[in-house]
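Okay, here's what each chain looks like letter by letter:
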Amino acid sequence: MEREAGPGGARRALGRLVEAVLANRGKANAVFDILAVLQSEDREEIQEAVRACSRLFGALLARGELFVGQLPSEEVVMAGSRGATRKYRVWMRHRYHSCCNRLGELLARSSFQVKELALSTLMKFVQLEGEHPLEKPKWEGNYLFPHQLFKSVVGGLLSADEDHSLLLCQFREYLEHDDIRYHTMQAAADAVARATDGRPEVPLTFWNNAFTLLSSVSLPRQERAPSSFYVKHAELSDKWKVVHLREHRKAFQQMWLGFLKHQLPLRICKKVLVITHDSILPHLAQPSLMIDFLARACDLGGAVSLLALNGLFILIHKHNLEYPDFYRKLYGLLDPSVFHVKYRARFFHLADLFLSSSHLPAYLVAAFTKRLARLALTAPPEALLTVLPFICNLLRRHPACRVLVHRPRGSELDADPYDPREEDPAQSRALESSLWELQALQRHYHPEVSKAASAVNQALSEAEVSIAPLLELTAFQIFERELEKKGPEPVPLEFIPARGLLGQRADLCAQHFTLS
């Protein structure tokens, strides 16, 4: 290909080649020149070649000049005695496949502009192939979609070598279409299965890309028939799976369960658990199938266990799941470190949610109340201002536990029946003890902590105290709040202004000293 000098030379040269191929089949070999530029290392030349391929093959697809059906070998067709038109269409479709393969390779280029342009071109081909299928329908009204081309697009996005988070953000705009979302779920499930098949270890980059794509898929919350299609159809058939929301839910469930059955890195596991309750469980056809993943995560301890308990609580509360060790697991998470970790606010928010039912047994609530009170003895002030109202709320919800603050003849401290080392709250004997820790905290050095601990000295109000404003409280905010407090007005000590050093105008001191 002869290239003109100066800016835009490659664009003009490629434009002439495209026009020549579209105008005259005898110029078809010029496609090789266009594809050769597509192999260039220059970023601007590659972009111009991608645009040229988009114009060329987009027009050929729209005009129906590519072979339709099972694509035969190029050598066999060229050596045969079939007509020139059939040979041209088979030959051009092979060039089209070469172009698509190269565009898929460009998704791994370092230049984001090239990757973005390659993605948009491939998605344009997906749309055109859907409207002008390159395969013959098996029966009248058969739903046709370019599955192979689209799988190659999704496979290119789920790279194991390069982080494609920015490119996946661009791909989200296509997920707004119901058909693209449905086929993305199927293609993603296949890509994850292929990437993990027979591999002892999968790169973290792949898991990050896969999670970014999977978490971008969002099903409609309202029951409605999918109607927004990227590939336009003259008429939608009720026989197509893609038009039924229940089929979307099945594909969504298969995608996530296929992803979660693998041994995920800890950071990916945390990200999944953060969105489980809001973005995954409500859209599953059978939410109870998540129990295996949540149970495994619950055994990891720390923040992961807490997030897993949130998902388990939803399954128990809304889907009648049986999980007897739920509160035992939550009880085991209560240790001194819970006041110092960065997820402290989320922990107490969820703990407040888990213990909100008034139908919990008194021994269980007493065990949590006593464990929190014992841990409060060594907690920082900012945590105490959350824990103490939380304890008072538990006493409000469960009047049977108020015996913990109305036991004046309780045992001595060295004979407290509560066993803090017991892992089972039912065996901790908390209901036999008392909340002497609150009385100790009434002598805390911080006045707000002392005031909060003294709330149990009076009859508790019926209305609970919201702990939401206190969850994110920090030591810096407490300090700033103290500084902003206004002190009492200064007390006047002298009503009559002093007239001399000793208060008399003509005294001896006034003759030798003055007040300045």
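Before reading on, note that the structure itself is shown above.
Each value, and the rule that gives it
Residues numbered from 1 in each chain as written. Predicted model: local features only at pLDDT ≥ 70, side-chain atom pairs only at ≥ 80, totals over all residues. Heavy atoms only, no water. Helix = DSSP H or I, 4+ residues; strand = E, 2+ residues; numbered from the N terminus. Rg over C-alpha atoms; globule rule 2.2 N^0.38 Å. Buried < 20%, exposed > 50% of the residue type's maximum accessible area, 1.4 Å probe, protein only. Contact = heavy atoms within 4.5 Å. Areas by Shrake-Rupley, 256 points an atom, 1.4 Å probe, with all protein chains shown as cover. Lys, Arg positive; Asp, Glu negative; His and termini not counted. Charge placed at Lys NZ, Arg CZ, Asp CG, Glu CD. Salt bridge = Lys/Arg side-chain N within 4 Å of Asp/Glu carboxyl O. Phe/Tyr/Trp six-rings, centres within 6.5 Å; stacked < 30°, edge-to-face > 60°. Lys NZ or Arg CZ within 6 Å of the ring centre and 35° of its normal. Axes fitted to C-alpha atoms, helices over the stretch in contact; angles between N-to-C directions. Parallel < 35°, antiparallel > 145°, perpendicular 65-115°, else oblique. Expected span 1.5 Å × (residues − 1). Core = buried A, V, L, I, M, F, W, Y, C linked by side-chain atoms within 4.5 Å. 1 Å grid on protein atoms, 1.4 Å probe; cavity = no way out; pocket = protein on both sides within 12 Å on 5 of 7 lines; lining within 4 Å. Points joined across faces, edges and corners; volume = space filled by probe spheres on them. Nonpolar A, V, L, I, M, F, W, Y, C, P; charged D, E, K, R; others polar. Disulfide = S-S within 2.5 Å.

Per the secondary structure count, the protein includes 22 helices and zero strands. Taking 2.2 N^0.38 as the reference for a compact globule, 516 residues should give roughly 24 Å; the C-alpha atoms of the protein span a radius of gyration of 36 Å, well beyond that estimate. Summarising its shape, the C-alpha atoms of the protein cover approximately 125 × 80 × 45 Å along the three principal directions. Residues classed as buried in the protein amount to 49% of the 516 residues present. Sequence-distant contacts in the protein: of pairs separated by 6 or more residues, those separated by 24 or more amount to 70%. About 27,800 Å² of surface is accessible on the protein, with carbon and sulfur atoms providing 51% of the total. Each charge class in the protein was averaged separately, 63 positive and 59 negative side chains, and the resulting centres sit 4 Å apart.

What follows is about the pattern of salt bridges. With the rule as written, the count across this model stands at 21 salt bridges. Here R11 and E48 are joined by a salt bridge, their closest N and O atoms 3.6 Å apart. Here R11, found in helix α1 (residues 9-23), pairs with E48, found in helix α3 (residues 43-63); they are 37 residues apart in sequence, far enough to count as distant. Look at E48 and you get buried, because its relative accessible area is 16%. Residue R429 is joined to E432 by a salt bridge in which the shortest nitrogen-to-oxygen separation is 2.9 Å.

Let us look at unusual backbone geometry. You will see that N320, though not glycine, has its phi angle at about 55°, which is positive. Mapped onto the elements, N320 comes out in the loop between α14 (302-319) and α15 (326-332). Classification of N320 as exposed rests on a relative accessible area of 68%. Positioned with a positive phi, R429 is a non-glycine residue whose angle comes to about 60°. Note on placement: R429 falls in the loop between α18 (381-397) and α19 (436-441). Residue R429 is classed as partly exposed on the basis of its relative accessible area, which comes to 45%.

Attention now moves to the packing of aromatic side chains. Note on aromatic pairs: each is described by the distance of the centres and the angle between the planes. Per the stated rule, a full pass over the model turns up 21 aromatic pairs. Ring plane angle 45° and centroid distance 4.9 Å describe the contact between F313 and F354, whose orientation is recorded as tilted. With F313 in helix α14 and F354 in helix α16 (residues 344-354), this residue pair connects regions lying 41 residues apart in the sequence. For the pair formed by F313 and F354, the shared burial category is buried. The interplanar angle of 85° and the centroid separation of 5.0 Å between the aromatic rings of F326 and Y327 together place this pair among those described as edge-to-face. Grouping residues by exposure puts F326 and Y327 together as buried. We note R95 situated over the ring of W91; from NZ or CZ to the ring centre the distance is 5.0 Å. The aromatic ring of Y331 is capped on one face by R371, whose charged end is 4.2 Å from the ring centroid.

In this structure, S110 sits in the loop between α5 (84-106) and α6 (112-131). For the pair S110 and F348, spaced 238 residues apart in sequence, the C-alpha to C-alpha distance is 44 Å.

On to the environment of Q253. Residue placement: Q253 occurs in helix α11 (residues 245-260). Beyond its immediate sequence surroundings of up to four residues, Q253 is in contact with L284, A285, Q286 and L289.

What follows is about the side chain of E382. Position of E382 relative to the elements: it lies in helix α18. Look at E382: it is buried, it has no salt bridge, and the nearest opposite charge is R344 at 4.6 Å. Excluding residues within four positions of it along the chain, E382 makes contact with R344, L473, T474, A475 and I478.

A separate point is the packing of α3 against α6. In the contact formed by α3 and α6, the axes pass within 10 Å of each other and the chain directions differ by 5°. Taken together, α3 and α6 sit at an angle that is classed as roughly parallel. Here α3 contributes R43, I46, Q47, V50, R51, C53, S54, R55, F57, G58 and L61 to the contact with α6, which in turn contributes Q113, V114, L117, A118, T121, K124, F125, L128 and E129.

Helix length check: α3 (21 residues) gives 30 Å between terminal C-alpha atoms against 30 Å at 1.5 Å per residue, within 8%. Most of α3 is tucked away, with 15 of its 21 residues classed as buried. Following α3 by one or two positions, G64 has its phi on the positive side, about 70°.

On to the packing of α16 against α18. With their axes 11 Å apart at the nearest point, α16 and α18 run at an angle of 5° to one another. What the angle tells us is that α16 and α18 run roughly parallel. Across the interface between the two elements, R344, F348, A351 and D352 from α16 touch E382, A383, T386, V387, F390 and R397 from α18.

Counting 160 residues, the largest nonpolar core has F57, M92, M123, F171, W256, F259 and Y327 as its most contacted members. Looking at this core element by element, the count peaks at 10 residues for α18. Residues contacting F57, with those up to four places away along its chain left out, are V31, M92, R95, Y96, C99 and F125.

This part covers the layout of surface pockets. Approximately 540 Å³ is the volume found for the largest pocket. Around the largest pocket sit 21 residues that line it, and R93, H97, E129, Q148 and L149 are the ones nearest its centre. Counting residues per element, the ones that place at least two in the lining of the largest pocket are α5 and α7 (147-157). Counting residues per element, the lining of the largest pocket draws most heavily on α5, which supplies five residues. By residue class, the composition of the lining of the largest pocket is nine nonpolar, seven polar and five charged.

A few words on the state of the cysteines. Using the criterion set out here, one finds zero disulfides in the structure. Sulfur of C100: no disulfide; nearest cysteine sulfur belongs to C99 and is 5.4 Å away.

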